[in-house]
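Below, each chain spelled out in residue letters.
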Amino acid sequence: RGENMRSTFTGLSIAKSGLFASQRSLDIIGHNIANANTKGYTRQRLDQAAATPMNIPSGKGQMGLGVEMLKITQVRDELLDIQFRTQNTDLGFWEERFNSLSRVEAVFNEPNDNGIRKVMDKFYTSLHDLSKDPSNPTARAVALQNGVSLAQTFNDMNSQFEKMVMDLDSEVVASVREVNTYAQQIALINEEIYRVELSGQLANDLRDKRNLLIDDLSKLIDIQVIDVQEPGTLNTRMNILVQGTALVRHNETNLIKLVEGQEHNLTKDGKDANPPRDNLSTVRINNISWSTDAPINQSILKGSLGGQLAQRDNIDGDVKGVPYYIRMINEF
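Quick summary incoming for the structure in this document. (Residues numbered from 1 in each chain as written. Predicted model: local features only at pLDDT ≥ 70, side-chain atom pairs only at ≥ 80, totals over all residues. Heavy atoms only, no water.)

1. Here's the deal with the layout of surface pockets
1) Next: Taken as a whole, the largest pocket holds about 1,000 Å³ of empty space.
2) Next: If you go around the largest pocket, you meet 35 residues; those closest to its centre are Glu78, Arg207, Arg210, Asp227 and Met238.
3) Next: Counting only elements with at least two residues in the lining of the largest pocket, the list comes to β4 (67-74), α2 (78-108), α4 (137-197), α5 (204-220), β5 (224-229) and β6 (236-242).
4) Next: The greatest single-element share of the lining of the largest pocket, amounting to 6 residues, is contributed by α2.
5) Next: Its residues assigned to classes, the lining of the largest pocket shows 11 nonpolar, 13 polar and 11 charged.
6) Next: Roughly 260 Å³ of volume is contained in the second largest pocket.
7) Next: In terms of lining residues, the second largest pocket is bounded by 19 residues, among which Gln298, Ser299, Leu309, Asp313 and Asn314 are the most central. (1 Å grid on protein atoms, 1.4 Å probe; cavity = no way out; pocket = protein on both sides within 12 Å on 5 of 7 lines; lining within 4 Å. Points joined across faces, edges and corners; volume = space filled by probe spheres on them. Helix = DSSP H or I, 4+ residues; strand = E, 2+ residues; numbered from the N terminus. Nonpolar A, V, L, I, M, F, W, Y, C, P; charged D, E, K, R; others polar.)

2. With respect to the sheet that holds strand β7 (residues 245-249)
1) Next: Strand order in the open sheet formed by 4 strands is β5-β6-β7-β8, and the pairing between neighbours is antiparallel. Either end of the sheet is taken by a strand with one partner, and the two such strands are β5 and β8 (252-253).
2) Next: Bridging between β5 and β6 involves 6 bridges; their strand directions are antiparallel. Residue pairing in the sheet places Asp227 in a bridge with Met238 of β6.
3) Next: Sitting on the sheet, α5 touches β5, β6 and β7, and the angle it makes with β6 is about 10 degrees. (Pairing = 2+ DSSP bridges. Contact = heavy atoms within 4.5 Å. Axes fitted to C-alpha atoms, helices over the stretch in contact; angles between N-to-C directions.)

As structure tokens, this is what we get:
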């Protein structure tokens, strides 16, 4: 008789565990629906398992005692996060290239009736006409005017390209400040998440907020996100690396610094030319380094910041920037 006896409330307890688990699941479903249009939100679910069973005497097995709620987890694939951020970095880089080269295209204004080709054709036509009758005052005046127009066209193009370099430098400054702002925000959230999860909880909504910031940061600059587990615990600390150096080390930041008043590479290139040119000699730009003065390799950066630097600085190579066109105009 003793083997078959159980608490009168065991059945009620089992039913209650199922009701509570179902109620919590409905609450989570409601939370998911409410945030269906929330940017960066990750769907959540309740993980549950059979409760620890009760042993039946005489080796007759175990009796189940209902369901146990384990934790609320996010339905998120970390591999997809890595792939998305890599592609997002490329998107930022090529968007900047597209925007800059579209402006270059507008400066050349080709093909167009007012483009550089038409101005050159008029100049050479007038020289041809003048060569037939060099004493003709009308032919002289036309050749002179077309020569002035050609020179003004090149001067105007050069001025527009120099203005583009200065505009790109302003964009670099804005992007660096934006990168630093994201880094500081992520460091603060890292500390919040760490405090919440010390007790074994999962700070899902805080993690969403952090992931959204990291996604936005990945468009600006190429990053590597690493979770470092503390020895002997299940707790992790997040680091974000740029070129192997920590931009964010859990709740600390190593910000990017602007190095002001630098001479442009094209100015140095012009001084070495034969004959020398004064390319961008009046323009001063901002280069970047770590706040510790450690160098950052600007030439291999990706993301929007890398695209802006490439378009502002590159004279040669596969990715040619605005300075390439300035040099070509001056050489011509």
